[in-house]
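# Fold and geometry: a report
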Amino acid sequence: MDFYLEIKHICKQTGARYGILHTPHGDVETPMFMPVGTLASVKYLSPEDLYELEAGVILANTYHLWLRPGENVVANAGGIQKFMNYNGPMLTDSGGFQVFSLSEKRKISEEGVTFKNHLNGEKLFLSPEKSIEIQNKLGADIIMSFDECPGYPSTHDYMKKSVERTIRWAERGKIAHQNNKQALFGIVQGGEYPDLRQYCAKELVKLDFPGYSIGGTSVGEDKETLYKMIDYSIKYLPKDKPRYLMGVGSYDAILEGIMRGVDMFDCVLPTRIARHGALMTSKGRLNIRDKKYEYDLLPIDDECDCYTCKNYTRSYLRHLYKCEEGLVKRLLSIHNLRFLINLTKEVRKAIQEDRFGDFKNDFFEKYGLNSKNPRGF
RNA sequence: GCGGUUGUGGCGAAGCGGUUUAACGCACCUGACUGUGACUCAGGCAUACGUGGGUUCGAUCCCCAUCUGCCGCC
C-alpha cells in the first residue's frame, strides 16, 4: 500500500503523536502544516520556494479547479503535480467547504449541491460522485469526501440531518472512488454536538477510510468550541490512521490540536494574512505596514531561518508593502509558512523527547496566551 | 493692459442661502482575515470653504474689492 501513517512515537507527557505519512509522492513527517494552493498554486510562491520551505503536502481545491481550468486540463498534463510542477504530496479538498463559503449561491439536496458559478453565474451541480470523479482526474495523493460544512451555530435538528446526509455522501463517494493510488478521507461533521460527532465518526469508521478529517471547524466558532469539536470527534477515530483538522492555522489551535491527537493541519491564514501585511513571529503578531517599522533594520523575526528573514529588513519590507510591490507578498508568505512549518518541526522534536506538554506551556507563556488572552491569531 | 474663468483638509473633488459633525476618492494611521469568490474588508486622523468688506434673521453658496492659477485678446 502506497499510503499509510507510520506512528513512530507517542509523547508520554501528552499522548501527542509523531509519525511519518507515506504517500506516492514521498514521505512527510507528522504533525504537519499544509499550505493551501487552491488554484494549483500557493499564491505568489514557486515550487522552488515550497521545497525550500519544506512545505510537504500542498492543498488544492476541487471546486475551483473544476471551474478553471477544468479537471480534464489537469489530467491532460498528467495530474496536478505535473501540471503545477510540484514534485511532492498533494491533497485536494472536495468542494464541500464551498457549500459553506458560497452559501448564498447554492442549494443543497440529497443528490448534491447546486452551485451558482461565482465567476459567470452559470448553474452547476456537484455531487459526491462528481467530486470524486474530478478528484480522481486531478490526481492528488489524498482526496476528500464531499461533505456539507454547516455554519456555526447550527441547530441540533439541522446538524443531525446534515450529518446523516454527509455520511451517505461519504459512502457514495467511496463507492465512486476508482483510483486506488489516492487515499480518500472521510470527514467528521456534527458541529459542537457530542452525540452527532460520535455518530458521524463511528459511521465513517465503519466505512474504513485510510484517514479521517475533522470538519465543520473554522466556521466562526470560538477556540473553546473548536477544541470540543476535536475532542468529541477524535476519540472515536482509529489510532493508526491519520487525523486531519481542516482549516485550522492559528498557532495556538495547532498546538491544542496536536495535543489532542491531530496529525495534519491546513489553513489559508498564514498566506492570506501575509498578503495583507500581518506576520507570525516568535514575539507575537507583527504588522509590517505599521509606522514603527519605517526605520527598523531588523528582520521580521530574529529567531526565524526563512529566506525573507535572512535577507530583508522590516524597513524594506514595509516600503515594498506601502508601494504595493508584488515581491512583498512572496516574501511575507514565505515567512509565515516557514514559521508554522518550523513550529511543527519543533513540536515533532518535543514529542519524540516526551516533552510536548512543557513545550506547549512554554510557548503559550512566551506568547502571552492564557485563559485571559486565549487568542493567538 | 482688457475679457473670461478658477480658488473647499497633503492631493483630487461634491455641495451652491437655512438637516451637515461640510460628502466622497486618494494619501496617511490602525485593526481584521482560519478546508482562499480575498492586492480584500472594517475603522480612524486631517489648522479644508483664497483674503477683506457688504447684503441677509442666516452665508462655502449672492454682491463689491483684492490676490492666485488657467484660457483668450490687444
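Residues numbered from 1 in each chain as written. Chains lettered and ligands numbered in written order. Predicted model: local features only at pLDDT ≥ 70, side-chain atom pairs only at ≥ 80, totals over all residues. Heavy atoms only, no water.

### Examining helix α8 (residues 194-206)
With 13 residues, α8 should reach 18 Å at 1.5 Å per residue; the first-to-last C-alpha distance of 18 Å fits that figure. All of the buried residues along α8 are Leu 196, Arg 197, Cys 200, Ala 201 and Leu 204. Taken around the axis of α8, the buried residues stretch over an arc of 130 degrees, which confines them to a single face. At the exit of α8 stands Asp 208, carrying a positive phi of roughly 55 degrees. (Helix = DSSP H or I, 4+ residues; strand = E, 2+ residues; numbered from the N terminus. Expected span 1.5 Å × (residues − 1). Buried < 20%, exposed > 50% of the residue type's maximum accessible area, 1.4 Å probe, protein only. Arc of directions from axis to C-beta.)

### Focus on the protein's contact with RNA strand B
The local shell around RNA strand B holds 46 residues, among which Ser 218, Met 246, Gly 247, Val 268 and Lys 322 are the closest. Taking the atoms of RNA strand B that fall within 4 Å of the protein, sugar and phosphate contribute 46% of them. In the environment of RNA strand B, a base oxygen lies 3.4 Å from a nitrogen or oxygen atom belonging to the backbone of Val 36. Contacts to RNA strand B include Arg 272, whose side-chain N or O atom sits 3.0 Å from a sugar or linking oxygen. Among the elements of the structure, β5 (58-61), α5 (96-101), β14 (264-267), α11 (269-275), β16 (284-287) and α13 (314-322) are those that each provide at least two residues to the surface near RNA strand B. Looking at the surface near RNA strand B, the element that brings in the most residues is α11, giving 5 residues. Here the residues of the surface near RNA strand B are counted per class, giving 15 nonpolar, 15 polar and 16 charged. (Near = heavy atom within 4 Å. Polar contact = N/O pair within 3.5 Å; in protein donor to acceptor, adjacent residues only side chain to side chain. Nonpolar A, V, L, I, M, F, W, Y, C, P; charged D, E, K, R; others polar.)

### Brief notes about the packing of helix α14 (residues 327-352) against helix α15 (residues 356-366)
Close contact between α14 and α15 brings their axes to 8 Å; oriented N to C, the two are set at 140 degrees. In terms of axis orientation, α14 runs oblique to α15. Between α14 and α15, the contacting residues are Leu 343, Glu 346, Val 347, Ala 350 and Ile 351 on the first element and Phe 356, Phe 359 and Phe 363 on the second. Of the residues contributing to the contact of α14 with α15, the split by class is 7 nonpolar, no polar and 1 charged. (Axes fitted to C-alpha atoms, helices over the stretch in contact; angles between N-to-C directions. Parallel < 35°, antiparallel > 145°, perpendicular 65-115°, else oblique. Contact = heavy atoms within 4.5 Å.)

### A word on the environment of Gln 352
In this structure, Gln 352 sits in helix α14. A relative accessible area of 38% means that Gln 352 is categorised as partly exposed. Considered as a pair, Gln 352 and Leu 331 are 21 residues apart in the sequence and their alpha carbons are 32 Å apart. Excluding anything up to four places from it in sequence, Gln 352 contacts His 9 and Tyr 18.

### Considering the packing of aromatic side chains
All chains considered together, the criterion is met by 13 aromatic pairs. Seen from their ring centres, Tyr 63 and Phe 115 are 4.9 Å apart, and the 25 degrees between their planes marks the pair as stacked. With Tyr 63 in helix α2 (residues 62-67) and Phe 115 in strand β8 (residues 113-116), the pair connects residues that are 52 residues apart, well separated along the chain. Pairing Phe 356 with Phe 359 gives two aromatic rings, centres 6.3 Å apart and planes at 25 degrees, and the pair type is stacked. (Phe/Tyr/Trp six-rings, centres within 6.5 Å; stacked < 30°, edge-to-face > 60°.)

### Observations regarding the sheet that holds strand β9 (residues 123-126)
Strand order in the open sheet made by the 3 strands is β7-β8-β9, with antiparallel pairing throughout. Both edges of this open sheet fall to β7 (106-108) and β9, since each of them pairs with a single strand only. Shown here is a sheet whose adjacent strand axes are inclined to one another by a mean of 20 degrees, direction ignored. With 3 bridges joining them, β7 and β8 adopt antiparallel strand pairing. Each bridged residue has a counterpart across the sheet, and for Arg 106 the counterpart in β8 is Phe 115. (Pairing = 2+ DSSP bridges.)

### Overview of the pattern of salt bridges
Tallying each qualifying case throughout the model produces 31 salt bridges. Sharing partners across several salt bridges, the network here consists of Glu 54, Asp 305, Arg 338 and Lys 345. (Salt bridge = Lys/Arg side-chain N within 4 Å of Asp/Glu carboxyl O.)

### With respect to the packing of helix α10 (residues 251-259) against α14
Interaxial distance between α10 and α14 falls to 11 Å at its minimum, and their mutual angle equals 30 degrees. Comparing their axes, α14 and α10 come out roughly parallel. The element α10 and its partner α14 pack so that their crossing is right-handed. Side by side, α10 and α14 meet where Tyr 251, Ile 254, Leu 255 and Ile 258 of the first sit next to Phe 339, Leu 340, Leu 343, Val 347 and Ile 351 of the second. Among the residues forming the contact of α10 with α14, the class breakdown is 9 nonpolar, no polar and no charged. (Left-handed = near helix turned anticlockwise from the far one by under 90°.)

### Looking at the pairing of strand β12 (residues 211-214)
Where burial is concerned, the two faces of β12 agree: the one with Gly 211 and Ser 213 and the one with Tyr 212 and Ile 214 are both buried. By the bridge criterion, 4 bridges tie strand β11 (residues 183-188) to β12 in an arrangement that is parallel. Each bridged residue has a counterpart across the sheet, and for Ile 187 the counterpart in β12 is Ser 213. Crossover connection from β11 via α8 to parallel β12: handedness right-handed. Where β12 lies against strand β13 (residues 243-245), 3 bridges are found, and the strand directions are parallel. Opposite Tyr 212, over in β13, you have Arg 243 as the bridge partner. A crossover connection joins β12 to the parallel β13 through helix α9 (residues 223-234); in handedness this β-α-β unit is right-handed. (Right-handed = clockwise from strand over helix to strand, strands pointing away.)

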